[in-house]
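# Chain and residue survey
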Amino acid sequence: MARTALRICPLCEATCGLSVTVDDDQGRMLSARGDADDVFSHGYICPKGASLPELDNDPDRLTGPLIRRDGVLVDAGWDEALELVADRLAATIAAHGGPSVGIYIGNPNAHTVAGALYAPLLTRAIGTHNVFSASTLDQMPKQVALGYLFGHAGTFAVPDLDRTDHLVVIGANPIVSNGSVTTAADFPGKLAALRRRGGRLTVIDPARTRTAKLADVHLTPRPGTDAALLFAVVHTLFDEDLIAPDLGGIGRHVTGVDRLRAESADFAPEEVAAFCDVPAPVIRELARSIATARTAAVYGRMGTTTVEFGTIGSWLIDAINILTGNLDRPGGVMFPTPPTAPAPRPPRPGRTFRTGRWRSRVSGHPEVAGELPAAALAEEIDTPGDGRLRAVVTIAGNPVLSAPDGDRLGRALDGLDFLVSIDPYLNETTRHADVILPPPPPSASPHFDFILNNLAVRATARYSPPVLPLPDGRPDEAEILARLTLAVGGLGVHADKRLVDEQVIAATLSKEVSDPHSPVAGRDVDEMIAMLPDAPGHERRLDMMVRLGAYGDAFGARADGLTLAQILASPHGVDLGPMRPRLPGILRTESGTVELAADDLIADVDRLRAALHRAPDGFVLIGRRNLRSNNSWMHNLPALTGGTNRCTLYIHPDDALRLGLDDVAIVRGPGGEVKVPVEITPDIRPGVASLPHGWGHDLADTRLTVAAEAPGTNVNQLNDGSLLDPLSGTVVLNGLPVEIAPG
Ligand SMILES: Nc1nc2c(c(=O)[nH]1)N[C@H]1C(S)=C(S)[C@@H](COP(=O)(O)OP(=O)(O)OC[C@H]3O[C@@H](n4cnc5c(=O)[nH]c(N)nc54)[C@H](O)[C@@H]3O)O[C@H]1N2
Ligand SMILES: Nc1nc2c(c(=O)[nH]1)N[C@H]1C(S)=C(S)[C@@H](COP(=O)(O)OP(=O)(O)OC[C@H]3O[C@@H](n4cnc5c(=O)[nH]c(N)nc54)[C@H](O)[C@@H]3O)O[C@H]1N2
Ligand code: SF4
Ligand SMILES: [Mo]
């Protein structure tokens, strides 16, 4: 018998509410469509969401652990596999210390309950500072900029899409990506609504993407030059007296304006025009169009972060929002207030944001927000010497395809004493593992967006319990991580998982009751623990966080406040309203102000100044995404393969003619060369070529039947990881210099 259930889509940052049908007898998900009553997504769905049942039922998905025996990965039982992992991690830590274990945290951790609530506990239990993640292949420059501006690397300001009058999209393609570092379901609908209300869309992108095709104005700078372009906008704002009076009302909370003005002096549009290949009057007009709009929001993504000047560019995006009076006001960029964020407290002085609290062993890369560059993972394993990594834990990551030089990383992983991967697939990375521990499919996993709610353009509280039960004896991902945490902590792999949750709950509440500004200051911890539901540990923690949170009931102290029980009683979600101003309470800088011109940022500007006079390189390579793809791991679903979703080199007709390109090209980069099919298109600017990432499924000993039929090529084999944005350790994935020749 089929039954309908609601479930939030875990596949991208849009967090759409889905209505799925399941067959309890077969224990399968049958179909998925948009939930029209979802308070956040209102029925929106994309092809990936619609294929959730196919992903759930993928016959290649692992249903039990694999253990390497005599060189081959074979089926094993859960107890045996967990015991083996616990023993090997404990032995490595005992012999070489916690830091000899490296952790790689992949992208899906942003979408899972386990990634948000349990992965950090395992990392802490292991006691390693050798933490790597997809963030340094992605948004880390943005986070570093936020750290300097607002005092904390997690203080995101997102465009108020529903109310803005002028949206400026730089290096993002939300019609295809469905939005990133801005959680908004139905980006296409939101852009259509912007147009209907007379608003304006500017897109800055070297490719004529599906988003760019909707724009009123589309600028096509040379890749990697946006930081200079943005500086020229800042210059123009000062030069033409376009700074908003009192910065739109937040003037007393902002410092460093004069210093920023001084820094921007060298970046007149006329000075940067040749470097960016955008005419100076066009840059001046861009500045005017932002400054004179009733409200405007400048929004940057991958094309502004994974580039040579990623941190400077990210900083200047928000600097422009601030100078034009658009920070913290409706229609500008605002700080979301998620349901699990602590209740507001009086402003308190913070500390100056710093990186480099430790450094990587081999290249001396500074630590950034607790992490080292993913591009340095291979060398930390394969470079001999004291302190090299002996064991690695990957959680929901496929760095062999997503990080530079996967061939080298693969060899390095083979050279480890021990590799454990918590991952549902036997893929390009996990094929190197000694043990794979597969989490259950989405249908049998709970869902709450602990992370993405921090980025949501409208606050909601939505929770999906698992839609289908787990087979007896199969742990969910939270249990896998919790049991490993307990084992590493010396309690053994069979200890009750709830110990982990109860420890977190007791510690959190004890801290809260002793904080005079907490809504539960002075209360009795045990009395509050008794108010939590008799439910799985993650639900008890969720209830606690919600009750302590900005909308919460403060454990009964606020009569109408939110609890998990209320969220469960509203399966389409609880709407908590549009974003609201949060200055100055959200600031954590030492000065208690928005610091517009932090020393470390200013110190990096000379690097940009020097680049201005660089002769334009040959070709540069950028990335692109496809609506029916998701990084490296959804090429195995028949419903999503084929059509435009192909690993081809986009190149402009003039360039193809000049190079004599026909069907196949050889692309050479700093890390190697690849041979790829050519697709000639006017939708990319001359001098630029694009290849998508996440391909290269032709490696031996994987279990990706469908993906292997059209494997594509791993673009990151072109990249040796040496070109980094130094402030964030983020590798240059967009704007990589390459040579292209007929193949
Ligand atoms: N050239 C180039 N390279 C890029 C990019 C680019 O634009 N260009 N983009 C970069 C970006 S933005 C990112 S985020 C990274 C992504 O880098 P990664 O996070 O390393 O790679 P993904 O391809 O997202 O792989 C996700 C892994 O998680 C597994 N997985 C899926 N669901 C779950 C789950 O519920 N639990 C667990 N435990 N595992 C799960 C999948 O099987 C897969 O192995 O790639 C980066 N690499
Ligand atoms: N369908 C689909 N959706 C996804 C993903 C996916 O793989 N497929 N991945 C998810 C992930 S992990 C992420 S991080 C997000 C990413 O979300 P987005 O950042 O929106 O996606 P991208 O396609 O990487 O967009 C980057 C854009 O920057 C442009 N660009 C490249 N170099 C430059 C430059 O130097 N300057 C400027 N101005 N533009 C430049 C590219 O042409 C491209 O259009 O998407 C998420 N959503
Ligand atoms: S847009 Fe993202 S969250 Fe929405 S259905 Fe598609 S993949 Fe899922
Ligand atoms: Mo990403």
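Just so you know, these numbers come straight off a predicted model, no measurement behind them.

Glancing now at the site of ligand 2. Of all residues adjacent to ligand 2, which total 29 residues, the nearest are Asp205, Gly224, Asp226, Asn626 and Ser629. Within the side chain of Ser177, a nitrogen or oxygen atom sits 2.8 Å from an oxygen atom of ligand 2. The backbone of Ser629 places a nitrogen or oxygen atom 2.7 Å from a nitrogen atom of ligand 2. In isolation ligand 2 exposes 920 Å². Once the protein is present, 97% of that is buried. Among the secondary structure elements, those contributing two or more residues to the shell around ligand 2 are helix H7 (174-177) and helix H13 (302-305). Shared between two domains, the shell around ligand 2 takes at least three residues from each, and those domains are domain 1 (173-340 + 583-607) and domain 3 (617-742).

By the secondary structure assignment, Asp25 is in the loop between strand S2 (17-23) and strand S3 (28-34). For Asp25, a relative accessible area of 69% gives the class exposed. Taking C-alpha positions, Asp25 is 46 Å from Lys511, a pair spaced 486 residues apart along the chain. At a separation of 3.4 Å, a polar atom in the side chain of Asp25 contacts the main-chain amide nitrogen of Met1.

Moving on, we come to the sheet that holds strand S1 (residues 2-8). If you trace the three strands from one edge of the open sheet to the other, you get S1-S2-S3, paired in antiparallel fashion. In the strand order of this sheet, the two ends are held by S1 and S3, each with one partner. Pairwise comparison of adjacent strand axes, ignoring direction, gives a mean angle of 30 degrees for this sheet. One ladder, built from six bridges, connects S2 with S3; its direction is antiparallel. Bridge pairing in S3 places Val22 opposite Met29.

Looking at the assigned domains, one finds that the chain contains domain 1 (173-340 + 583-607), domain 2 (499-570) and domain 3 (617-742). Relative placement of domain 2 and domain 3: their C-alpha centres are 48 Å apart.

Attention now goes to the pairing of strand S9 (residues 166-170). With five of its five residues buried, S9 lies for the most part within the structure. Residue alternation in S9 divides its side chains into two sets, His166, Val168 and Ile170 and Leu167 and Val169, and both sets are buried. In the sheet, S9 pairs with strand S13 (residues 297-300) via four bridges, with the strands oriented parallel. From the neighbouring strand, Val169 faces S13, where its bridge partner is Tyr299.

About the criteria used
Residues numbered from 1 in each chain as written. Chains lettered and ligands numbered in written order. Predicted model: local features only at pLDDT ≥ 70, side-chain atom pairs only at ≥ 80, totals over all residues. Heavy atoms only, no water. Near = heavy atom within 4 Å. Polar contact = N/O pair within 3.5 Å; in protein donor to acceptor, adjacent residues only side chain to side chain. Areas by Shrake-Rupley, 256 points an atom, 1.4 Å probe, with all protein chains shown as cover. Helix = DSSP H or I, 4+ residues; strand = E, 2+ residues; numbered from the N terminus. Domains from an automatic or database assignment. Buried < 20%, exposed > 50% of the residue type's maximum accessible area, 1.4 Å probe, protein only. Pairing = 2+ DSSP bridges. Axes fitted to C-alpha atoms, helices over the stretch in contact; angles between N-to-C directions.

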